[in-house]
Amino acid sequence: MARRKKIYEGKAKILYEGPEPGTLVQYFKDDATAFNAEKRDVIEGKGVLNNRLSEFFMTGLNNIGVPTHFIKRINMREQLVRAVEIIPLEIVVRNVAAGSISKRLGIAEGTPLPRPIVEYYFKDDALGDPMVTEEHIIAFGWAGQQDLDDIVALALRVNDFLSGIMMGVGIKLVDFKIEVGRIWEGDFMRLVVADEISPDSCRLWDVNTGAHLDKDVFRRDLGDLADAYTEVARRLGVLPTNAPQSGKPTLIN
Ligand code: UDP
């Protein structure tokens, strides 16, 4: 195959030029990072699992009318997506206190929140993704008021969808992060869910045991990350038919 042009390389994914204008190929790496990349490791099979899981969630969202950048999965590690203009924000939705909100506001982890809370962080690794308000976002022109209204609506629909799917397999959706991008169709602009939705960007707790089935397993050294992600994939019926051979049991669909 002809050598593809790399458009961007992030911590967990690489974007290549796609086969048609307006498309990109999103490649999922096995690299895991936390604490703004101060902690890093390679977790064999993570990219394969996240590619499958993100496909599963994005397809479901597309099917219920929540637009995403996802077009189709190409192979074990790659998916075809629409090229979008990424809004430089991480949009976090929380249902239960954990992580940074627990630290910042002194709320015990596991405390249910009175309603889903939407937060914004400015995507800037050098600054450590600082939390920002609507005031900053509008004043600095990262998005307008109408965009923000649409982003909140999108984020809450994603929350309802993911919470329901997860609860159906005995997993509580504690919080998650999405990114949103703009797609231009002539003069008309649409906001779509972009990047990925996977256990790298969600907090997922087993309803019965409280076990962490997300990246906190890596952040907090709680066990084997690939095992946790495999458990999520198994419960959702999203098992790689051609998982990489390793010392671990191979998952067969
Ligand atoms: N998150 C993410 N990328 C980031 C920061 C957070 O995907 O750069 C996700 C994280 O996995 C969690 C949610 O956003 O599901 C809220 O994270 P939090 O603000 O609690 O930060 P953390 O405790 O992970 O530093």
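Structure: see above.
First things first, this report covers the structure right here in the doc. (Residues numbered from 1 in each chain as written. Predicted model: local features only at pLDDT ≥ 70, side-chain atom pairs only at ≥ 80, totals over all residues. Heavy atoms only, no water.)

By nearness alone, 16 residues border the ligand, and R94, S100, D175, R203 and R219 come closest of all. Within the side chain of D175, one N or O atom sits 2.6 Å away from an oxygen atom of the ligand. A distance of 2.8 Å separates an oxygen atom of the ligand from a polar side-chain atom of R203. Burial of the ligand by the protein amounts to 77% of the accessible area it has alone, namely 500 Å². Here the residues of the shell around the ligand sort into five nonpolar, three polar and eight charged. (Near = heavy atom within 4 Å. Polar contact = N/O pair within 3.5 Å; in protein donor to acceptor, adjacent residues only side chain to side chain. Areas by Shrake-Rupley, 256 points an atom, 1.4 Å probe, with all protein chains shown as cover. Nonpolar A, V, L, I, M, F, W, Y, C, P; charged D, E, K, R; others polar.)

The grouping of E134, E135, D149 and D150 at the surface amounts to a negative patch. Those elements giving two or more residues to the negative patch turn out to be α3 (134–139) and α4 (145–167). Relative to the helices and strands, E135 is located in helix α3. With relative accessibility at 64%, the residue E135 sits in the exposed group. (Patch = residues over 30% accessible without salt bridge, like charges linked within 9 Å, V, L, I, M, F, W, Y side chains within 5 Å. Salt bridge = Lys/Arg side-chain N within 4 Å of Asp/Glu carboxyl O. Lys, Arg positive; Asp, Glu negative; His and termini not counted. Charge placed at Lys NZ, Arg CZ, Asp CG, Glu CD. Helix = DSSP H or I, 4+ residues; strand = E, 2+ residues; numbered from the N terminus. Buried < 20%, exposed > 50% of the residue type's maximum accessible area, 1.4 Å probe, protein only.)

The subject of this paragraph is the environment of V25. Within the secondary structure layout, V25 lies in strand β3 (residues 23–28). A sequence separation of 11 residues divides V25 from I14, and the C-alpha atoms of the two residues are 8.1 Å apart. The residues contacting V25, other than those within four sequence positions of it, are R4, I14, L15, Y16, E17, G18, P19, I74, E78, Q79 and L80. (Contact = heavy atoms within 4.5 Å.)

Along the chain, D200 turns up in the loop between β13 (188–194) and β14 (202–206). Take D200: its relative accessible area is 11%, and that puts it in the buried class. At 3.2 Å, the side chain of D200 forms a polar contact with the side chain of N50. Once residues lying within four places of it in the same chain are set aside, the contact partners of D200 are A12, K46, N50, K215, R219 and Y229.

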